[in-house]
Amino acid sequence: MNEKFYAFLDTVKKTAKEVRHAASSVGYLARKEAGKAATNAQLNVQILAKQREIQTAYQGLGKLIYDQHNGSDTESGALMEKLEALDALHLEVAELEKQAGRVSVVKTCPTCGAERKEGDAYCRVCGAKLKTE
Ligand SMILES: [Zn+2]
């Protein structure tokens, strides 16, 4: 791998942090659908659609990174957009699941964001110590 690519990965990390900051300071939750009374079946359809959007967004993000690896210059703005879109989609899914009465059981590592399982004392991905509740 080349230096340019490593520099790009640094940008990815920095950008991801900035996005997370922006997301928490603005507190933008997807409230668009919140007021509507929808049936669980409708919610499930919406959740599935959002999950497909998330998969597509992951692919777009992966392509951006692969293109960069192959020498094209990716603007960090484009990257930021994709990360923001993913954050928004994840929030929307969480919101829909809440409405559907399925409180999301997926807990994540505060350090790296990896999924944690019930009873984990340390993150399986980055090894950070996890608070037990
Ligand atoms: Zn972790």
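Placed above this text is the structure.
What counts and what doesn't
Residues numbered from 1 in each chain as written. Predicted model: local features only at pLDDT ≥ 70, side-chain atom pairs only at ≥ 80, totals over all residues. Helix = DSSP H or I, 4+ residues; strand = E, 2+ residues; numbered from the N terminus. Buried ≥ 20, exposed ≤ 12 C-beta atoms within 10 Å, placed from the backbone. Contact = placed C-beta atoms within 7 Å. Axes fitted to C-alpha atoms, helices over the stretch in contact; angles between N-to-C directions. Parallel < 35°, antiparallel > 145°, perpendicular 65-115°, else oblique. Left-handed = near helix turned anticlockwise from the far one by under 90°. Nonpolar A, V, L, I, M, F, W, Y, C, P; charged D, E, K, R; others polar. Expected span 1.5 Å × (residues − 1).

Peer 1: Tell me about the overall build of the protein chain, and please be specific about residues and values.
Peer 2: The secondary structure content of the protein chain amounts to three helices and two strands. Secondary structure elements of the protein chain occur, N-terminal to C-terminal, as α-α-α-β-β. The 133 residues of the protein chain split such that 8% are buried. Considering only contacts in the protein chain between residues 6 or more positions apart, those separated by 24 or more positions represent 53%.

Peer 1: Give me the lowdown on the packing of helix H2 (residues 40-69) against helix H3 (residues 76-99), citing residues and values where you can.
Peer 2: Put simply, H2 and H3 touch, their axes get as near as 9 Å, and they point 160° apart. By the angle class used here, H2 and H3 are roughly antiparallel. Judged by the twist between their axes, the crossing of H2 over H3 is left-handed. For the pair H2 and H3, the contacting residues are Leu 43, Gln 46, Ile 47, Lys 50, Gln 51, Glu 53, Ile 54, Ala 57, Gly 60, Leu 61 and Leu 64 in the first and Ala 78, Leu 79, Lys 82, Ala 85, Leu 86, Leu 89, His 90, Glu 92, Val 93, Leu 96, Glu 97 and Gln 99 in the second. Its residues assigned to classes, the contact of H2 with H3 shows 13 nonpolar, five polar and five charged.

Peer 1: Before we move on, can you summarise H3 with the specific residues and values?
Peer 2: Across its 24 residues, H3 extends 34 Å between first and last C-alpha, which sits within 8% of the 34 Å expected from 1.5 Å per residue. Every buried residue belonging to H3 is among Leu 79, Lys 82, Leu 83, Leu 89, Glu 92, Val 93, Glu 95 and Leu 96, and all of these are buried.

Peer 1: With reference to specific residues and values, describe the environment of Tyr 58.
Peer 2: With respect to the helices, strands and loops of the structure, Tyr 58 is situated in helix H2. For the pair formed by Tyr 58 and Leu 83, sequence separation is 25 residues and the distance between their alpha carbons is 9.1 Å.

Peer 1: Residue-level account of the environment of Ala 57, with values.
Peer 2: Inspection of the secondary structure assignment puts Ala 57 in helix H2. Separated by 28 residues in the primary sequence, Ala 57 and Ala 85 place their C-alpha atoms 7.6 Å from one another. Setting aside anything within four residues of it in sequence, one finds Ala 57 in contact with Lys 82, Ala 85, Leu 86 and Leu 89.

Peer 1: Would you mind going over H2 in detail, with residue names and values included?
Peer 2: Over its 30 residues, H2 extends 43 Å from the first C-alpha to the last, a length consistent with the 44 Å expected when each residue adds 1.5 Å. Downstream of H2 by one or two residues, Gly 71 has phi in the positive range, about 105°.

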